[in-house]
Every structure is written in structure tokens, then in C-alpha cells.
Amino acid sequence: MRTLRLAVPALAVCVALSACGGQGVGGGTPTPTPTGAQPVTSQPTPDPTAPPTTGTPSAPSGVKTPKPGGPSTPPGVGATTLSGTLQGGVEPGCVLLDGYLLLGGPRDVLTPGARVEVTGRVEPGMMTTCQQGTPFVVTAAHRS
């Protein structure tokens, strides 16, 4: 009788774990799609009436492409411009400006001790390896 009391819960745990283990493994049954929907399996077919494209992407007409080391267009909606002297962070490769951790941008311009003006956007929820500063994604920077 005692063996039965131990075997039944153990069997229930094994059944539950085996049922969970088969889900989302990739080799099992495919995930059902909503009624009438088709899963996406390839790239969309190009429009035969559209002009041919080249392998090199280009900016739309009238839009200037930014030059390395400085902005060539005004900041977009939601962009912020900061200026000041850069400081090195506690971790290697981390650069701060007024409490913001600068991410991206031209590394030859964004060096500790340099006086710069940067344009970008604040990303407070972004995870980084640096242990300080509010993340700020740099879209353009130049020395001032």
C-alpha cells in the first residue's frame, strides 16, 4: 500500500513533465494558425511592375545621408541633442555625457575628454553591459 502511495504521485509528475517537454521543441507538431491564416514561409513576391532594384540601397531622393563624425540633417521627431565633455565609464568602452551612456555613434569622435555634440534618443529600458548612465542611442556626433 505504501508503494502505491509513492508511485501514484511520481507517475503524475512524470506524465506532467513529459506533456510539457513536447511543446515548443521544434520537432513536434506544428503550431496551429488562426482560421484562414497562412504561415509565412518565404519572402514576398516582388511586384513585376516595379522598377528593378540594385544591390546597393540608396537614400530616397531629397534625403541627405549622414557623414561620419557629424550630422548633416536636423534631428528627427523625438531626437535629443546633448553637448558637453565626455567621461569614461567604470567599464571599458563605456562613454558618458551628463549622466547618459552613449551607445553607437562614431567611436573616433566619442572618446573620453572630447567636447562633443551628439544627437539621438533616450532608451531607458535598454539593457547594457555598462553599470552606469541612462542609455542614449547616438545617431550623429561631432566635436564642438
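Computed from a predicted model, the values in this text were never measured in an experiment. (Residues numbered from 1 in each chain as written. Predicted model: local features only at pLDDT ≥ 70, side-chain atom pairs only at ≥ 80, totals over all residues. Heavy atoms only, no water.)

Draft legend 1. Highlighting the nonpolar core. By size, the foremost hydrophobic cluster in this structure holds 13 residues, and its most contacted members are L86, L97, L102, L110, V116, V118 and V138. When residues of this core are traced back to their parent elements, those giving at least two are β3 (95-97), β5 (115-122) and β6 (134-143). Top contributing element to this core by residue count: β6, with three residues. Every residue in contact with V118, bar those within four places of it in the chain, is listed here: T80, T81, L82, L97, L102, L110, F136, V138, A140 and A141. Residues C94, L96, L101 and L103 belong to the second largest nonpolar core, which totals five residues. (Core = buried A, V, L, I, M, F, W, Y, C linked by side-chain atoms within 4.5 Å. Buried < 20%, exposed > 50% of the residue type's maximum accessible area, 1.4 Å probe, protein only. Helix = DSSP H or I, 4+ residues; strand = E, 2+ residues; numbered from the N terminus. Contact = heavy atoms within 4.5 Å.)

Draft legend 2. Up close: the environment of T128. Within the fold, T128 resides in the loop between β5 and β6. On the basis of relative accessibility, which here comes to 32%, the residue T128 falls in the partly exposed class. Residues T128 and C94, spaced 34 residues apart in sequence, show a C-alpha to C-alpha distance of 9.7 Å. Not counting the four nearest positions on each side in its chain, T128 is found in contact with L101, L103 and P135. At 3.2 Å, the side chain of T128 forms a polar contact with the backbone oxygen of C130. (Polar contact = N/O pair within 3.5 Å; in protein donor to acceptor, adjacent residues only side chain to side chain.)

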